[in-house]
Amino acid sequence: MSGRKPLSIRQTMSDLHIWAGLLAGWLVYAMFLTGTASFFRDEISVWMRPELPAITATEAPAVIAQRITDSLARDHAPGSALWGMALPTRRLPEVTVYWADPERRGLKRDMFDPATGQPMAVRATKGGDFFYEFHFNFHHMPMGLGRLLAGICGMVMLVAIISGIITHKKIFTDFFTFRGGKGQRSWLDGHAALSVIGLPFHIMITYSGLVTLMVMYMPWGLQALPSRADQAAVNAEMRFFLMPDHPLGEAAALVSVADLVRRAEDRWGPGSVGRIQINNPGDAGARIAIERQSAQRISTVPQYLMFDGVSGALLSAKEHSGPVAQVQGVLYGLHMGRFSDLVTRWLYFGLSLTGTAMVASGLMLWTVKRRARLPDPTRPHFGFRLVERLNIATIAGLPLAMTGFLWANRLLPLHIAERAAQEINVFFALWALAALWALLRPAPRAWVELFALTALALALLPVLNALTTARGTARSFAAGDWLFLGFDLAFIAFAVLVGVLARRVQRHRQRPGKRRARVPLVGGEAL
Amino acid sequence: MIHALTFLCALAGFAALALSMDRHQREILRHPLPRRGSLALRALGFGLLLLALVPACRGLGPALGATVWSGHLSLAAASLFILLLRWRQRAGG
């Protein structure tokens, strides 16, 4: 490097931004888009179980908690060392129940009807949990590897954000600037606008995303603790999951859970109980932890009361946390946005969508910039073609696969084996097909076709829903079922959005005039 | 209501900030403002952005309020961005 002029900091950062962004871009795009959908995770879960009654009459939490406990003791999990349940909320009207499988390691979970205390007779589906889990573990991957990959992508994304800020010459002067119809310049302006306008959100979501899994990415602090009990104590400080102690081996009847829930409500107010965990039920050493609901506060650090499961004596109350746990809890909470009211949730959703668009426009810029400099535009080099096709497969392919996942939920027969897994298979199969399509078709056509197909699939979802469920648009409207109505409206809105994208790509190809002279041909067609 | 107030305050703030810039003065007013006017608009803009914190924090508490405020800042900036884009398209044909 001795003979060359040293690069300026801005140039160095620009190179870093471009290549870091490209390297992690496709996975980050997938994380952003599925993560965006996850802000409506509970709602998607309800939409994907249309058999659920629209509004369940809610009884007192204490009554429901006792009913579920009795049902677990009698029918579903006798002899289990751990029972847990999340009581119904306005967003998710069923009880999510989990229990330790006595036969093997691990937890089983199911949706229970609060009115009967029995598992719900609903179609098997992962619901919104699929998008949520995919956004940090990519599904078809060993658990550790997926999360590690997500962490690396998050870290690279953070690098891309910071180097991007340094690269951007005039954040304030260009704040509202968009020069349309100018090819690369327009892409750059658009990319910058999407980035700058949502910047606080993009930084927050990327950084807090890393913090959610910090104990996995940086385990050394925790490993340095002398005993497993200490490590468990740290975990219990951050998560509402309490490892059961060894049972005393002496049978004893469980105290009334309903009474304990009422005592917790006396302390925190009605409707304040979130989750309940019962360790070693039926044993003399039983423990019952009752967690305070986390709505209306940002931090996810749990607050709970710990009761003796036999005498009902209050053993401890954890209502405060150390500053480190609190910081972690607030960042975790900010990432999840579970505290949000409806408007705030839509803000999250919208900003997250601009984040997705930011990543996508960044990926596009890489090709837009290089297309102009190709030596022979009809035969671009391998790297260019690879990026171009991967862009199509991801940016246009993933929305198609996600829409297909919803279609599969309505179309797959209700009683086939492994139904929930089959829905996910449809998702990946469609994504693979979209990728194949992106490889085989001329690039501009592949863009238009995949976007158009996605728009069509989205637009027809309300029709499909009306044909396959008893909760079509007209009925939802008549019943005041805002959730299903909202989904129908959202599908149409997204169909329009994706349709506009398809139209734009197509018009772009056809637009005559001065641009054509400069913009080279790809696969015989101008883009 | 809290959301509407916060958003409108932020929108007005960004509008003032845009008008304090040379480029947008030429675009909208067709001539640049004197330096004093620009500085006043800039101060007004930042002031309004800060003022938007008040309804959010009073209505939702400082923690939630600040979070929601930050979201509305972005939404307001995005809205103004689109409004200016439309303005330009109409003015420029």
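Residues numbered from 1 in each chain as written. Chains lettered and ligands numbered in written order. Predicted model: local features only at pLDDT ≥ 70, side-chain atom pairs only at ≥ 80, totals over all residues. Heavy atoms only, no water.

Here the focus is helix H3 (residues 61–76) of chain A. If you check which residues of H3(A) are buried, you get A:Ala62, A:Ile64, A:Ala65, A:Gln66, A:Ile68, A:Thr69, A:Ser71 and A:Leu72. In this structure, the buried residues of H3(A) make contact with strand E1 (82–86), strand E2 (95–100), strand E3 (107–112), helix H11 (257–268) and strand E4 (273–279) of chain A. (Buried < 20%, exposed > 50% of the residue type's maximum accessible area, 1.4 Å probe, protein only. Helix = DSSP H or I, 4+ residues; strand = E, 2+ residues; numbered from the N terminus. Contact = heavy atoms within 4.5 Å.)

Residues A:Arg503, A:Arg504, A:Arg507, B:Arg86 and B:Arg90 make up a contiguous surface patch of positive charge. For the positive patch, the element with the highest residue contribution is helix H18 (residues 482–510) of chain A, accounting for 3 residues. Here B:Arg90 is to be found in helix H5 (residues 62–92). (Patch = residues over 30% accessible without salt bridge, like charges linked within 9 Å, V, L, I, M, F, W, Y side chains within 5 Å. Areas by Shrake-Rupley, 256 points an atom, 1.4 Å probe, with all protein chains shown as cover. Salt bridge = Lys/Arg side-chain N within 4 Å of Asp/Glu carboxyl O. Lys, Arg positive; Asp, Glu negative; His and termini not counted. Charge placed at Lys NZ, Arg CZ, Asp CG, Glu CD.)

All right, on to the confidence of the model for chain A then. When pLDDT is averaged along chain A, the result is 88, and 94% of the positions lie at 70 or above. By mean pLDDT, strand E9 (residues 525–526) of chain A is the weakest element of chain A at 32, and helix H15 (residues 419–440) of chain A is the strongest at 96. (pLDDT = per-residue confidence, 0-100.)

Our focus in this paragraph is the interface of chain B and chain A. Of the residues lining the interface, 22 residues belong to chain B; the matching set on chain A comes to 21 residues. Interface area, chain B with chain A, both sides summed: about 1800 Å², of which 73% is carbon and sulfur. Of all residues in chain B, B:Arg23, B:Leu64 and B:Phe81 bury the most surface against chain A, accounting for 31% of the area lost on that side. In this assembly, chain B and chain A are joined by 1 salt bridge. In this structure, the salt-bridge partner of A:Asp174 is B:Arg23, at a minimum N-O distance of 3.0 Å. The interface formed by chain B and chain A includes 6 residue pairs in polar contact (both at pLDDT 80 or more). The set of elements that each furnish at least two residues to the side of chain B that touches chain A consists of helix H1 (2–19), helix H2 (22–28) and H5 of chain B. The element contributing the most residues to the side of chain B that touches chain A is H5(B), with 16 residues. (Buried area = accessible area lost by both parts, 1.4 Å probe. Polar contact = N/O pair within 3.5 Å; in protein donor to acceptor, adjacent residues only side chain to side chain.)

Right, let's get into the packing of helix H1 (residues 9–38) of chain A against helix H5 (residues 143–167) of chain A. All names here are of chain A. Here H1 crosses H5 at 140°, and the two axes come no closer than 7 Å. Comparing their axes, H5 and H1 come out oblique. The hand of the H1/H5 crossing is left-handed. Class assignment for the residues of the contact of H1 with H5 results in 17 nonpolar, 6 polar and 1 charged. (Axes fitted to C-alpha atoms, helices over the stretch in contact; angles between N-to-C directions. Parallel < 35°, antiparallel > 145°, perpendicular 65-115°, else oblique. Left-handed = near helix turned anticlockwise from the far one by under 90°. Nonpolar A, V, L, I, M, F, W, Y, C, P; charged D, E, K, R; others polar.)

All names here are of chain A. Overall, the coordinates contain 21 salt bridges over all chains when judged by the stated rule. Between Arg41 and Asp129 there is a salt bridge, with its nearest N and O atoms 2.9 Å apart. With Arg41 in helix H2 (residues 41–47) and Asp129 in helix H4 (residues 128–137), the pair connects residues that are 88 residues apart, well separated along the chain. Via salt bridges that share partners, Asp42, Glu43, Arg91 and Arg338 belong to a single interconnected network.

Residue and element names in this part refer to chain A. When E4 meets strand E5 (residues 287–292), the two strands line up antiparallel, connected through 5 bridges. Following the sheet pairing, Asn279 is matched in E5 by Arg287. As judged from the 5 bridges shared by E5 and strand E6 (residues 304–308), these two strands associate in the antiparallel manner. Note that in E6 the partner of Ile290 across the bridge is Leu305. (Pairing = 2+ DSSP bridges.)

We now examine the environment of A:Asp110. Tracing the chain through its elements places A:Asp110 in strand E3. Between the C-alpha atom of A:Asp110 and that of A:Glu94, which follows or precedes it by 16 residues, the distance is 9.9 Å.

Once that is clear, we can look at the sheet that holds E5(A). Residues and elements named next belong to chain A. As summarised here, the arrangement of the 7 strands in space is E3-E2-E1-E4-E5-E6-E7, forming an open sheet in which the pairing is antiparallel. Because the sheet does not close on itself, it has two edges, and the strands there are E3 and strand E7 (314–318). The sheet shows a mean angle of 15° between the axes of neighbouring strands, taken without regard to direction. Of the pairings in the sheet, the one linking E1 to E2 comprises 4 bridges and is antiparallel in character.

Residues and elements named next belong to chain A. Counting buried residues along E4, 6 of its 7 residues qualify, which places the element largely inside the surrounding structure. Pairing of E1 with E4 involves 5 bridges; the strand directions are antiparallel. Following the sheet pairing, Trp83 is matched in E4 by Ile278.

This part covers the packing of aromatic side chains. All names here are of chain A. In total, this model carries 32 aromatic pairs over all chains according to the counting rule given. The interplanar angle of 90° and the centroid separation of 5.7 Å between the aromatic rings of Phe134 and Phe138 together place this pair among those described as edge-to-face. Phe138 matches Phe134 in its accessibility class, with the two residues each being buried. Following the ring pairs from residue to residue traces out a cluster consisting of Phe130, Phe131, Phe134, Phe138, Phe405, Phe427, Phe428 and Trp431. For Arg41, the ring lying beneath its charged end belongs to Tyr132, and the centroid distance is 3.9 Å. The residue whose ring lies beneath Arg410 is Trp47, and the NZ or CZ to ring-centre distance is 3.7 Å. (Phe/Tyr/Trp six-rings, centres within 6.5 Å; stacked < 30°, edge-to-face > 60°. Lys NZ or Arg CZ within 6 Å of the ring centre and 35° of its normal.)

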